[in-house]
Amino acid sequence: MNAQLKKIISIGIKISVLILVAWFVYKKLNDNQNLREFNILIAELEPSIIGITIAALFTLMLANWLLECVKWKYLCRPIQQISFAKAFESVFCGLSWAIFTPNRIGEYGGRVFFLKPRKRIFGVVAMAVGAFAQMVITNIIGAIAIIWFLYNYQQLPFFVFIGCCILAVAFCGTMLVLYFKVGLLSKVINKIKILSKVQRFFSLLARYKTKQLQYVFILSLARFIVFTSQYCLVMQVLIADLPLFPMVMMVFILFFVQSAIPSLDLLDVGVRSVTAGYLFAFITKQELAVMASAASIWFINLIIPAIIGSVFVFKINFFGRSNN
């Protein structure tokens, strides 16, 4: 394949990605009843409260993804040294790819194409380590919140409840062991003959030491706190009488359920809204406000970053290292 053909293909892919992003965003925002309801709800508030809330949500959104940029830069260290600016571009570009691909799989491609060609498969593994850290935190905190939910809202027989508690503890312990002993996965793959050809890529897992995994874990926990704060902020503004602790626990369960359901980012808003409406029905009758809150967080955390990330699509060189 000559250089001219590579250039044509590269430009064609970039334009296709931008068209897909624009079309999906337009279609979903145009049809989203929950976002329209959110606009109606905030119109009833004082302008100063609206301004402060929106500013806070955007600040938290930036904090969330800047933490992810720091994490991505750190995870890339065993593979290829990248600047924070390059990490920023790749993370936001990945979000543009994520919104129109199932289960956000496109986010991997959007990021690793900013690495050198020989490093990209290793980049996928590194990104998987970061994603797993986020999932471990979401699942552990979610499992604890589910136990709280069962105790307070489900009249289970005593022994059934104790059994659920034991399962939750075992689940949390297993998740922590799998994460902090992630290098063991490399050894397991090495023993499976059918996977021997890809074993060298997974050998990267063994390069992450406990201290490095702890640092990634802390960054993931910080992100979890940030986007939990976003939900709490919006719901406290829209539903002032909502009790804080039950609200936080329901948010934890919501995150747990979302992490377990494969979906498309642009369809995910429906899943988020319906799930949030069901869960929060146990503590409030303001279902419309709950669903509108979930839709607004989805818009701020995923759609706006995806739009920002589309700017960096043209900085990718699919057949070599990224352009300056």
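This one's a predicted model, so the numbers in the text were calculated from it and none came from an experiment.

(A) Quick look at the overall build of the protein chain. For the protein chain, the helix and strand inventory stands at 13 helices and zero strands. In sequence order, the secondary structure elements of the protein chain are arranged as α-α-α-α-α-α-α-α-α-α-α-α-α. In the protein chain, which comprises 324 residues, the proportion classed as buried is 49%. Long-range contacts, defined as pairs at least 24 residues apart, comprise 76% of the intrachain contacts of the protein chain with a sequence gap of at least 6. A total of about 16,200 Å² of accessible surface is found on the protein chain, and carbon and sulfur atoms cover 69% of it.

(B) Main features of a nonpolar patch on the surface. Side chains of L5, I8, I9 and I13 sit close together on the surface and give an oily, nonpolar patch of about 300 Å² of accessible area. By the element assignment, I13 lies in helix α1 (residues 3-31).

(C) Structural context of the packing of helix α6 (residues 120-153) against helix α11 (residues 244-260). Relative to each other, α6 and α11 sit at 125°, their axes nearing to 8 Å. Taken together, the axes of α6 and α11 are oblique relative to one another. Viewed along their axes, α6 and α11 form a crossing whose handedness is left-handed. Two secondary-structure elements touch here, α6 through T138, N139, I141, G142, A143, I144, A145, I146, W148, F149 and Y153 and α11 through F245, P246, M249, M250, F252, I253, F255, F256 and S259. Taken together, the residues of the contact of α6 with α11 break down into 16 nonpolar, four polar and no charged.

(D) Structural detail: the packing of aromatic side chains. In the structure shown here, the tally under the stated rule is 22 aromatic pairs. One aromatic cluster in this structure is built from W148, F149, Y153, F245, Y278 and F282. Sitting above the plane of the W72 ring, R111 keeps its charged end 5.3 Å from the centroid. When the ring centre of W65 is taken as reference, the NZ or CZ atom of R223 above it lies at 4.7 Å.

(E) Representation of helix α7 (residues 158-180) in the model. Given a rise of 1.5 Å per residue, 23 residues ought to cover 33 Å, and the 33 Å separating the end C-alpha atoms of α7 matches this to within 8%. Among the residues of α7, F161, A168, C172, M175 and Y179 are the ones counted as buried.

(F) Summary view of the nonpolar core. Core analysis: the biggest nonpolar cluster contains 96 residues, and W72, Y179, Y208, Y231, L238, M250 and F280 have the highest contact counts within it. Of all the elements, α6 adds the most residues to this core, at 17 residues. W72 has contacts with I82, A87, S90, V91, R111, V112, L115, G123, A126 and M127, leaving out every residue within four places of it along the chain.

(G) Structural detail: helix α13 (residues 287-309). Here α13 spans 32 Å end to end across 23 residues, near enough to the 33 Å set by a 1.5 Å rise per residue. Of all the bends found along α13, the most pronounced is centred on F299 and spans about 30°. For α13, a buried count of 18 out of 23 residues is recorded, marking the element as mostly surrounded by other parts of the structure.

(H) Structural detail: the packing of helix α4 (residues 84-98) against α13. Interhelical geometry of α4 versus α13 gives an angle of 115° and a closest axis separation of 7 Å. The angle between α4 and α13 places the two elements in the roughly perpendicular class. The handedness of the crossing between α4 and α13 is left-handed. Together, F92, C93, L95 and S96 of α4 and P305, A306, I308 and G309 of α13 make up the contact between the two elements. Partitioned by chemical class, the residues of the contact of α4 with α13 number six nonpolar, two polar and no charged.

(I) Structural view of the pattern of salt bridges. Throughout the structure, instances matching the rule amount to five salt bridges. Its salt-bridge partner being R111, residue E68 comes within 2.9 Å of it at the nearest N-O pair. Of this pair, E68 sits in helix α3 (residues 47-75) while R111 is found in helix α5 (residues 106-112), placing the two residues 43 residues apart along the sequence. Judged by relative accessible area, which is 6%, E68 ranks as buried. The exposure class assigned to R111 is buried, which follows from its relative accessible area of 2%.

The rules behind each value
Residues numbered from 1 in each chain as written. Predicted model: local features only at pLDDT ≥ 70, side-chain atom pairs only at ≥ 80, totals over all residues. Heavy atoms only, no water. Helix = DSSP H or I, 4+ residues; strand = E, 2+ residues; numbered from the N terminus. Buried < 20%, exposed > 50% of the residue type's maximum accessible area, 1.4 Å probe, protein only. Contact = heavy atoms within 4.5 Å. Areas by Shrake-Rupley, 256 points an atom, 1.4 Å probe, with all protein chains shown as cover. Patch = residues over 30% accessible without salt bridge, like charges linked within 9 Å, V, L, I, M, F, W, Y side chains within 5 Å. Salt bridge = Lys/Arg side-chain N within 4 Å of Asp/Glu carboxyl O. Axes fitted to C-alpha atoms, helices over the stretch in contact; angles between N-to-C directions. Parallel < 35°, antiparallel > 145°, perpendicular 65-115°, else oblique. Left-handed = near helix turned anticlockwise from the far one by under 90°. Nonpolar A, V, L, I, M, F, W, Y, C, P; charged D, E, K, R; others polar. Phe/Tyr/Trp six-rings, centres within 6.5 Å; stacked < 30°, edge-to-face > 60°. Lys NZ or Arg CZ within 6 Å of the ring centre and 35° of its normal. Expected span 1.5 Å × (residues − 1). Core = buried A, V, L, I, M, F, W, Y, C linked by side-chain atoms within 4.5 Å. Bend = angle between axes of the 7 residues up to and from the residue.

What is shown is where atoms sit, not what they do.
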